[in-house]
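# Descriptive analysis of the structure
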Amino acid sequence: MLVSASELKEVFSCLDTLEPDYNKIPTHEDWKVIDNLCTYLKLLYNTANLLTSSSIPTTNMFFHEAWKIQLELARASTSEDDVISNMTKPIQENFDKYWKNCCLVLAIAVVMDPRFKMKLVEFSFRMIYGEEAVSYINTVDEGIHELFSKYVGLPLPLNLLNGNSGIGDSGVVKQEDDAGAGGLGNGLGLTDFDVFIMESTSQQSKSELDQYLEESLLPRIHEFDVMGWWKLNKSKYPTLSKMAHDILMIPVSSVGPESVFETGVKEMDRYRCKLSPQMVEALFCAKDWMRCEGVESIESNVRMEFPI
């Protein structure tokens, strides 16, 4: 409505001529306030539109919106223009609560996007925090490595343990016959050598996460299926792909798409008032997952305890 009104400034200026009884013509200062409102509310409006999209976006999509909002609100709240600073300070205070609680999980989610990884986190945090960005970047790096270490302890799918990968139950490559392969018999052959090599190099080998982070970024294309990419690379990153699946499917809002732009007062009936916070969370998550078609069922939940 504000954008439509600002496009008709000249029409409003003629209203006193066309309608003598009309004496509420916006002044130059009024239009300045409207233009400022459009600039900052558009950031929130775009993010809200993302929530109301027909297909539920993955969590990595929201980091792009959140860090831009945080940056622009921080700049506006310190503006020399009193109108802008007074207008944006209350918005920034409210958004700060969301940012501090959700920043880490949103950052980890965007790291799971092979087009951005840690590079976008480093760039955006430097834009927001300046010289203090290093500590926040380290928090994300430590958080994602700690989370990955917990996933490493989870059992891998059977098809990855004893499928067509050529890996035997002992974890070493199967040999047809020690004597035939190298002329060594009596059970002291290449199989024992493989065990020795694996034990001596296990400490030096990089984790899936470090390998993934060190690889080059993928080209940025608009229509990119991040869940499809992890599905295709499941054999290369078996543990990391499971972690990415859980992270990217975390709901970023408890508000349904149909309620984002609804301004009516929500009334809680007696039944809902008696629900525990854990049950309310479970219901919202279940509703969100059931509404997301074509996505594999989630086998485990991720609990983040590293708020920035």
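Residues numbered from 1 in each chain as written. Predicted model: local features only at pLDDT ≥ 70, side-chain atom pairs only at ≥ 80, totals over all residues. Heavy atoms only, no water.

What follows concerns the overall build of the protein chain. A count of helices and strands for the protein chain gives 16 helices and 0 strands. Split into buried and exposed, the 308 residues of the protein chain put 33% on the buried side. Sequence-distant contacts in the protein chain: of pairs separated by 6 or more residues, those separated by 24 or more amount to 69%. As displayed, the protein chain has an accessible area near 20,300 Å², and 55% of this comes from carbon and sulfur atoms. (Helix = DSSP H or I, 4+ residues; strand = E, 2+ residues; numbered from the N terminus. Buried < 20%, exposed > 50% of the residue type's maximum accessible area, 1.4 Å probe, protein only. Contact = heavy atoms within 4.5 Å. Areas by Shrake-Rupley, 256 points an atom, 1.4 Å probe, with all protein chains shown as cover.)

Before going further, it helps to spend a moment on the nonpolar core. In this structure, Phe63, Trp99, Met112, Phe125 and Trp230 are the most contacted members of the largest nonpolar core, which totals 49 residues. Contributions of two or more residues to this core are made by α5 (60-77), α6 (82-111), α7 (117-129), α8 (133-152), α12 (208-214), α13 (226-232) and α14 (238-248). For this core, the leading source of residues is α6, giving 12 residues. Ignoring anything within four residues of it in the chain, the contact list for Trp230 reads Met112, Pro114, Tyr212, Tyr237, Leu240, Ser241, Ala244 and Leu248. (Core = buried A, V, L, I, M, F, W, Y, C linked by side-chain atoms within 4.5 Å.)

With that out of the way, let us pick up unusual backbone geometry. Phi angles above zero are rare outside glycine, and Lys117 is one such case at about 50 degrees. Here Lys117 lies in helix α7.

A few words now on the side chain of Thr88. Examined against the element boundaries, Thr88 turns out to sit in helix α6. Here the side chain of Thr88 touches Ile84 through a polar contact of 2.8 Å, landing on its backbone oxygen. Once residues within four sequence positions are removed from consideration, Thr88 is found in contact with Tyr40, Leu73, Ala76 and Ser77. (Polar contact = N/O pair within 3.5 Å; in protein donor to acceptor, adjacent residues only side chain to side chain.)

Per the stated rule, a full pass over the model turns up 14 aromatic pairs. Their ring planes at 45 degrees and their centres at 6.4 Å tell us that Phe63 and Phe125 sit as a pair that is tilted. Taken together, the residues span a long stretch of sequence, with Phe63 in helix α5 and Phe125 in helix α7 at a distance of 62 residues. You'll find Phe63 and Phe125 in the same group, each marked buried. Judged by centre distance (6.4 Å) and plane angle (65 degrees), the rings of Trp99 and Phe125 are edge-to-face. Residue Trp99 is found in helix α6, and its partner Phe125 is found in helix α7; the two are separated by 26 residues along the sequence. Exposure remark for Trp99: the relative accessible area of 2% places this residue in the buried category. (Phe/Tyr/Trp six-rings, centres within 6.5 Å; stacked < 30°, edge-to-face > 60°.)

Contact geometry of α6 with α8 gives a least axis separation of 10 Å together with a crossing angle of 70 degrees. In terms of their interaxial angle, α6 and α8 are classed as roughly perpendicular. Touching Leu104, Ala107, Ile108 and Val111 of α6 are Thr139, Val140, Gly143 and Ile144, all from α8. (Axes fitted to C-alpha atoms, helices over the stretch in contact; angles between N-to-C directions. Parallel < 35°, antiparallel > 145°, perpendicular 65-115°, else oblique.)

Glancing now at α8. Here α8 contains 20 residues, and its C-alpha end-to-end distance of 29 Å stays within 8% of the 28 Å for a straight helix at 1.5 Å per residue. Ala133, Ile137, Val140, Gly143, Ile144, Leu147, Phe148 and Tyr151 are the residues of α8 that are buried. On an axial view of α8, the arc spanned by its buried residues comes to 125 degrees, and they lie on one face. Exposed residues lying more than 90 degrees from the buried face of α8 are Glu142 and Lys150. (Expected span 1.5 Å × (residues − 1). Arc of directions from axis to C-beta.)

Read these as layout, nothing more, since geometry by itself doesn't imply function.
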